[in-house]
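# Structure assessment
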Amino acid sequence: MSLVVCIICSSECICSFSKEDWNEKFSFYKCSKCTHVFVYPPPSERSLNEFYNQEYYVPDFQKLKVRKKGEYCLSYITTKDKPLLEIGCSYGYFLEFMQENKIKVDGLELSKKASQTASSKGFSVICGRIADLPENVKYHGIFMFDVLEHIVNPQEFFNLLQGKLERNSELF
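This text gives an overview of the structure that appears in the document. (Residues numbered from 1 in each chain as written. Predicted model: local features only at pLDDT ≥ 70, side-chain atom pairs only at ≥ 80, totals over all residues. Heavy atoms only, no water.)

With that settled, consider the pairing of strand E8 (residues 165–171). In summary, the side chains of a regular strand alternate between the two faces of the sheet. Sheet topology places strand E7 (residues 139–144) next to E8; three bridges connect them, and they run parallel. Of the residues in E8, the one forming a bridge with Gly141 is Glu170. Between the parallel pair E7 and E8, the chain is carried across by helix H5 (residues 154–162), and the sense of this crossover is right-handed. (Pairing = 2+ DSSP bridges. Helix = DSSP H or I, 4+ residues; strand = E, 2+ residues; numbered from the N terminus. Right-handed = clockwise from strand over helix to strand, strands pointing away.)

Structure representation (structure tokens):
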């Protein structure tokens, strides 16, 4: 068996569990140092596009988790007049929660169906990747929930994110 190293800190990882889904077997590894959990080998770009553009169901308990995360984030938001972004906004549940609290957050979502649903609720949502965001916009805060484990190349992802954040901004 070959050694699997963490995609975040390069430490040794162990297989925590495997799961069969979409007619494929996925093995989840947990880093012994930073505790990051990820799928190895990572899915291909084609597989990810197929996955994100199929119908998917969000159970009620996940919607409640989003509200709890939103409550936590509220205490860290220092301004309501600077651009904020949620990466992986799905159907817009976090965007709704923030709107209820008078805070505007834009969305970025890979799933065409989910981004269309969030947009139909009146939110500004881009269907695509970080590279698809407007070049001239920097965000005062970026929120990501249950996203990192889907990123194939975290180092590249964080480098792109850094270019989208204002100085002294927050990443949640």
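Once you've had a look at it, read on.
Turning our attention to the nonpolar core. In terms of nonpolar packing, the biggest core is built from 20 residues, with Phe94, Met98, Val105 and Phe143 touching the most fellow members. Elements with a minimum of two residues in this core: helix H2 (60–74), helix H3 (93–100) and helix H4 (112–120). Ranked by the residues each element gives to this core, the list is headed by H3, at five residues. Core analysis: the second largest hydrophobic core is formed by 13 residues, Ile130, Ile142, Phe157 and Leu165 among them. (Core = buried A, V, L, I, M, F, W, Y, C linked by side-chain atoms within 4.5 Å. Buried < 20%, exposed > 50% of the residue type's maximum accessible area, 1.4 Å probe, protein only.)

A few words on the pairing of E7. The buried fraction of E7 amounts to six of the six residues, a majority that puts the element mostly inside the structure. Judged from the four bridges that link them, strand E4 (residues 84–87) and E7 form a sheet pairing that is parallel. The residue of E7 that forms the bridge with Glu86 is Phe143.

What follows deals with the sheet that holds E8. Strand order in the open sheet formed by five strands is E6-E5-E4-E7-E8, and the pairing between neighbours is parallel. Each edge of the open sheet is held by one strand with a lone partner, namely strand E6 (125–127) and E8. Pairs of neighbouring strands in the sheet enclose a mean axial angle of 20°, with direction left out of account. As paired strands, strand E5 (residues 106–109) and E6 are joined by three bridges and run parallel to one another. Of the residues in E6, the one forming a bridge with Leu108 is Ile126. (Axes fitted to C-alpha atoms, helices over the stretch in contact; angles between N-to-C directions.)

We now examine the pattern of salt bridges. The full count for this structure, using the stated rule, is six salt bridges. Where Asp146 meets Lys69, a salt bridge forms, and the shortest distance between an N and an O atom there is 3.4 Å. In this pair, Asp146 sits in the loop between E7 and H5 while Lys69 sits in helix H2, placing the two residues 77 residues apart along the sequence. Assessed through its relative accessible area of 41%, Asp146 is described here as partly exposed. The closest approach of N and O atoms between Lys121 and Glu96, which form a salt bridge, is 3.2 Å. Taken as a pair, Lys121 in the loop between H4 and E6 and Glu96 in helix H3 lie far apart in primary sequence, 25 residues in all. (Salt bridge = Lys/Arg side-chain N within 4 Å of Asp/Glu carboxyl O.)

Let us now look at the packing of aromatic side chains. Overall, the coordinates contain 10 aromatic pairs when judged by the stated rule. With a centroid separation of 5.9 Å and 85° between ring planes, the pair formed by Tyr29 and Tyr40 is classed as edge-to-face. One end of the pair, Tyr29, is in strand E2 (residues 24–31); the other, Tyr40, is in the loop between strand E3 (37–39) and helix H1 (45–52), with 11 residues separating them in the sequence. Site record: aromatic cluster; members linked through ring pairs are Tyr72, Tyr76, Phe94, Phe143, Phe145 and Phe172. (Phe/Tyr/Trp six-rings, centres within 6.5 Å; stacked < 30°, edge-to-face > 60°.)

All right, on to the side chain of Ser11 then. With respect to the helices, strands and loops of the structure, Ser11 is situated in the segment before strand E1 (13–21). Not counting residues up to four positions away in its chain, the partners in contact with Ser11 are Val4, Val5, Cys6, Cys31 and Lys33. (Contact = heavy atoms within 4.5 Å.)

Three or four residues apart is the spacing at which side chains of an α-helix point the same way, because the helix has 3.6 residues per turn. All of the buried residues in H5 are Pro154, Phe157 and Leu161. Down the axis, H5 shows its buried residues gathered within 60° of arc, on one side only. Turned more than 90 degrees off the buried face of H5, the exposed positions are Gln155 and Gln162. Of the surrounding elements, those touching the buried residues of H5 are E4, E7 and E8. (Arc of directions from axis to C-beta.)

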